[in-house]
Amino acid sequence: MARRTPPLLRHLLRGATDGGASRPPLAHAEPRRSVTYMPRPGDGAPRRVTLIPGDGIGPLVTGAVQQVMEAMHAPILFETYEVHGDMTAVPAEVIESIRRNKVCLKGGLRTPLGGGVSSLNMQLRKELDLYASLVHCFNLQGLPTRHEKVDIVVIRENTEGEYSGLEHEVVPGVVESLKVITKFCSERIAKYAFEYAYLNNRKKVTAVHKANIMKLADGLFLESCREVATKYPGIKYNEIIVDNCCMQLVSKPEQFDVMVTPNLYGNLVANTAAGIAGGTGVMPGGNVGQDHAVFEQGASAGNVGNEKIMEQKKANPVALLLSSAMMLRHLRFPSFADRLETAVKRVIAEGKYRTKDLGGSSTTQEVVDAVVAKLD
């Protein structure tokens, strides 16, 4: 029996910006507004969004987003919930809020090391089936980096692989951790990556793997990517082993466009690419599924910060501000998204207000005030 395509996925496959019209031939694709999500139809009415400030610097940077949204008069109503990484589970009312609102904006959640406490980030992804993690790593004008022309989108499978959480102690001193790769999830993430590339006029999709060693698991992932690639003849497809990928990233990052990866590799590749393009504090991202989306700082490194940054109130809000612009596009408020992105980029280009990680000494509030002043 054929599997019925969910309405939201059908909407994506028809094209996110053409109102559901038939897709034009690949050869005649016209430039479109950036699509970084699975779009939902919108009527311009105010939308409720679940807000999770999180741990560490989370309340600072989510507070920054709230201030800018208010200054823009964006049609967003936040429902705020307290969730912390040391909880045993995400409270049921939070899950219910996200299911009801379909969209969430969150700060970082601190995951305890060891001790048997599961990651609440992973719980959210599995509970809501947020199968695709998207991190956009790109150069920002005015922010000096070692490499120029970096514009990489890392699309990572979010629900299985080494993050399946299937670990047990065989005998004392011997622990077994299972890596799970399925054809369904591999095909699903590959389709998302190629559809993203198509919708955004991207030219190439690179599959990252370690199939030379994990021949069955990563072999299945590659097989799925190859099958999907045949359906997109206008997009170049290639493959790269993950260790070579890391070396190529730090030497010639401009060669990469869209990268599709299993779970663990994507985490490593996204953080590496973010560091190359300007730092994790400026890279936006989100975790999306067929029905729900959670937007947060793109690269996980440093998303909770440290005590000193919190005390000085000098957390960098740029990554979450840009992620909230992605959220606004997801909610079909493109003009608000453009205003926010443009204001943030103007502040970075001007160089007067920057937090310590970008070579400055500004506080979070000073950056927020500068962004608000640049809003058109």
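As shown above, the structure is provided for reference.
Residues numbered from 1 in each chain as written. Predicted model: local features only at pLDDT ≥ 70, side-chain atom pairs only at ≥ 80, totals over all residues. Heavy atoms only, no water.

Here we come to the pairing of strand 1 (residues 47-52). Counting buried residues in strand 1 gives 5 out of 6 residues, a clear majority hidden from the surface. As defined by bridge partners, strand 1 adjoins strand 2 (residues 76-80) across 5 bridges and the pair is classed as parallel. Bridge assignment links Arg48 to a residue of strand 2, and that residue is Leu77. Handedness of the β-α-β unit built from strand 1, helix 2 (residues 58-72) and strand 2 comes out right-handed. (Buried < 20%, exposed > 50% of the residue type's maximum accessible area, 1.4 Å probe, protein only. Helix = DSSP H or I, 4+ residues; strand = E, 2+ residues; numbered from the N terminus. Pairing = 2+ DSSP bridges. Right-handed = clockwise from strand over helix to strand, strands pointing away.)

Okay, the packing of aromatic side chains next. Taken as a whole and assessed by the stated rule, the structure comprises 4 aromatic pairs. When the ring of Phe194 is compared with that of Tyr237, the centres are 6.0 Å apart and the planes differ by 45°; the resulting orientation is tilted. With Phe194 in helix 5 (residues 183-199) and Tyr237 in strand 9 (residues 236-241), this residue pair connects regions lying 43 residues apart in the sequence. Clustering of aromatic rings is evident, with ring pairs tying together Phe194, Tyr232 and Tyr237. (Phe/Tyr/Trp six-rings, centres within 6.5 Å; stacked < 30°, edge-to-face > 60°.)

Within helix 3 (residues 92-101), burial applies to Val94, Ile95, Ser97, Ile98 and Asn101. Buried residues of helix 3 fall within an arc of 160° about the axis and therefore sit on the same side. On the buried face of helix 3, the contacting elements are strand 1, strand 2, strand 3 (103-106) and helix 4 (120-127). Two residues or fewer past helix 3, Lys102 is found with a positive phi of approximately 75°. (Arc of directions from axis to C-beta. Contact = heavy atoms within 4.5 Å.)

All right, on to a nonpolar patch on the surface then. On the surface, Val170, Val171 and Val174 cluster together into a nonpolar patch covering about 230 Å² of accessible area. Inspection of the secondary structure assignment puts Val171 in strand 6 (residues 167-171). Under the relative-accessibility criterion, Val171 is labelled partly exposed at 42%. (Patch = residues over 30% accessible without salt bridge, like charges linked within 9 Å, V, L, I, M, F, W, Y side chains within 5 Å. Areas by Shrake-Rupley, 256 points an atom, 1.4 Å probe, with all protein chains shown as cover. Salt bridge = Lys/Arg side-chain N within 4 Å of Asp/Glu carboxyl O.)

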